[in-house]
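Each chain, written out:
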Amino acid sequence: MDSATSDLTARPPLRSTADNGLKIVIVGGFGVGKTTMVRSVSDIRPLNTEETMTRAGVGVDDADDVPTKTTTTIAFDFGRISLDARTVLYLFGAPGQERFWFLWDRLFTGTLGAVVLVDTRRLVDSWYAIDRLEHHGMPFIVARNDFGGPQYSADDVREALDLPETVPLIDCDARSRESSKEVLITLVDHLYALSSSARERTT
């Protein structure tokens, strides 16, 4: 039994029901770790639509900054995680290549919030994700995936992405279940805070 299988079998069984079922989308540029995050944190065997990258993608997909990447998501990734006894998250990882961006708007349907996963070596690849989320008026947080590249301060990243202070920015390692879970908890806390603030304004 390999470590991944052992990790899955060691996880507690899913509840058959939950009070809160939330749809979450993980977006970001090509090769930033969206599939890895869904795989690392899902309580079920995740659904992946990965295919081997071929010569047909040469000149279409910009893989210069991810030379070791050999597969790519062509539709979406799907996973599920129980954060606690009452909250279940349904996770959708969006494809990163520009030619699949048309799928994003459909994935956003019914979504309560999003994680923008970024690679600080390629922050420019995050602009489209942030633009589409702001266009839809969807709450989101930003998670910096650890690729071992140059270290930038949170203020540097905020300035580069033009992020307001109201948008949470955290560091993560998409390969780690605990780290990925912390990202999702941060998003859920952010959604609840926004909801509470909205209720206070209407009372």
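Before any of the text, the structure's been laid out above.
Since the model is a prediction, treat every value here as computed from it, not as a measurement.

Examining the overall build of the chain
Here is step 1: Within the chain, the regular secondary structure consists of six helices and eight strands.
Here is step 2: Scanning the chain from its N terminus toward the C terminus, one meets helices and strands in the order α-β-α-β-β-β-β-α-β-α-β-α-β-α.
Here is step 3: The 203 residues of the chain split such that 45% are buried.
Here is step 4: For the chain, restricting intrachain contacts to residue pairs at least 6 apart in sequence, the fraction spanning at least 24 positions comes to 74%.
Here is step 5: On the chain, roughly 11,000 Å² of surface is accessible, and the fraction owed to carbon and sulfur atoms is 51%.

Description of the pattern of salt bridges
Here is step 1: Counting across every chain of the model gives seven salt bridges.
Here is step 2: A salt bridge links D119 to R121, with the nearest nitrogen and oxygen atoms 2.8 Å apart.
Here is step 3: The exposure class of D119 is buried, given its relative accessible area of 1%.
Here is step 4: Between R144 and D171 there is a salt bridge, and its shortest N-O distance comes to 2.5 Å. Here R144 is found in strand 7 (residues 140-145), whereas its partner D171 is found in strand 8 (residues 169-172), with 27 residues between them in sequence.
Here is step 5: Overall, D171 belongs to the exposed group, its relative accessible area being 51%.
Here is step 6: Via salt bridges that share partners, D119, R121, R122 and D125 belong to a single interconnected network.

Quick notes on unusual backbone geometry
Here is step 1: A positive phi angle is found at D162, which is not glycine, with a value near 55°.
Here is step 2: Relative to the helices and strands, D162 is located in the loop between helix 5 (154-161) and strand 8.

Quick word on the side chain of N145
Here is step 1: Position of N145 relative to the elements: it lies in strand 7.
Here is step 2: We classify N145 as buried; its relative accessible area is 8%.
Here is step 3: In terms of polar contacts, N145 uses its side chain to reach the backbone amide nitrogen of A174, at 3.0 Å.
Here is step 4: Look past the residues within four positions of N145 in its chain and what remains in contact with it is V32, G33, L117, V118, C172, D173 and A174.

Section: the sheet that holds strand 8
Here is step 1: Here six strands make up an open sheet; going across it, the order is 4-5-1-6-7-8 and the pairing mixed. Here the strands that pair on one side only, and so sit at the sheet edges, are strand 4 (77-82) and strand 8. Within this sheet the neighbouring strands show an average axis-to-axis angle of 25°, counted without direction.
Here is step 2: In the sheet, strand 6 (residues 113-118) pairs with strand 7 via five bridges, with the strands oriented parallel. Across the sheet, residue L117 finds its bridge partner in strand 7, namely A143.

Observations regarding the nonpolar core
Here is step 1: Membership of the largest hydrophobic core comes to 23 residues, with the highest contact counts inside it found for L89, V115, V183 and L184.
Here is step 2: Within the residue set of this core, elements represented by two or more residues are strand 1 (20-28), helix 2 (34-41), strand 5 (87-93), strand 6, strand 7, strand 8 and helix 6 (177-202).
Here is step 3: With residues up to four places along the chain from it excluded, the contact list for V115 reads V25, I26, V27, I141, A143, V183, L184 and L187.
Here is step 4: Within the second largest apolar cluster, 22 residues are counted, among which are I130, L133, L161 and L163.

Overview of helix 4 (residues 127-136)
Here is step 1: Restricting attention to buried positions, one finds in helix 4 the residues A129, I130, R132 and L133. Seen end-on, helix 4 carries its buried residues on one side only, within an arc spanning 165°.
Here is step 2: Those residues of helix 4 that are buried are in contact with strand 1, helix 3 (104-108), strand 6, strand 7 and helix 5.
Here is step 3: Within two residues after helix 4, G137 carries a phi angle of roughly 65°, on the positive side.

Some thoughts on the packing of helix 2 against helix 6
Here is step 1: Interaxial distance between helix 2 and helix 6 falls to 8 Å at its minimum, and their mutual angle equals 100°. Here helix 2 is positioned roughly perpendicular relative to helix 6, judged by the angle of their axes. The segment helix 2 lies against helix 6, with M37, S40 and V41 engaging R177, S180, K181, V183 and L184.

Digging into the packing of aromatic side chains
Here is step 1: The final tally for this structure, using the stated rule, is one aromatic pair.
Here is step 2: In this structure, K23 is placed above the aromatic ring of F92, and the distance from its NZ or CZ to the ring centre is 4.9 Å.

Rules used in this analysis
- Residues numbered from 1 in each chain as written.
- Predicted model: local features only at pLDDT ≥ 70, side-chain atom pairs only at ≥ 80, totals over all residues.
- Heavy atoms only, no water.
- Helix = DSSP H or I, 4+ residues; strand = E, 2+ residues; numbered from the N terminus.
- Buried < 20%, exposed > 50% of the residue type's maximum accessible area, 1.4 Å probe, protein only.
- Contact = heavy atoms within 4.5 Å.
- Areas by Shrake-Rupley, 256 points an atom, 1.4 Å probe, with all protein chains shown as cover.
- Salt bridge = Lys/Arg side-chain N within 4 Å of Asp/Glu carboxyl O.
- Polar contact = N/O pair within 3.5 Å; in protein donor to acceptor, adjacent residues only side chain to side chain.
- Pairing = 2+ DSSP bridges.
- Axes fitted to C-alpha atoms, helices over the stretch in contact; angles between N-to-C directions.
- Core = buried A, V, L, I, M, F, W, Y, C linked by side-chain atoms within 4.5 Å.
- Arc of directions from axis to C-beta.
- Parallel < 35°, antiparallel > 145°, perpendicular 65-115°, else oblique.
- Phe/Tyr/Trp six-rings, centres within 6.5 Å; stacked < 30°, edge-to-face > 60°.
- Lys NZ or Arg CZ within 6 Å of the ring centre and 35° of its normal.

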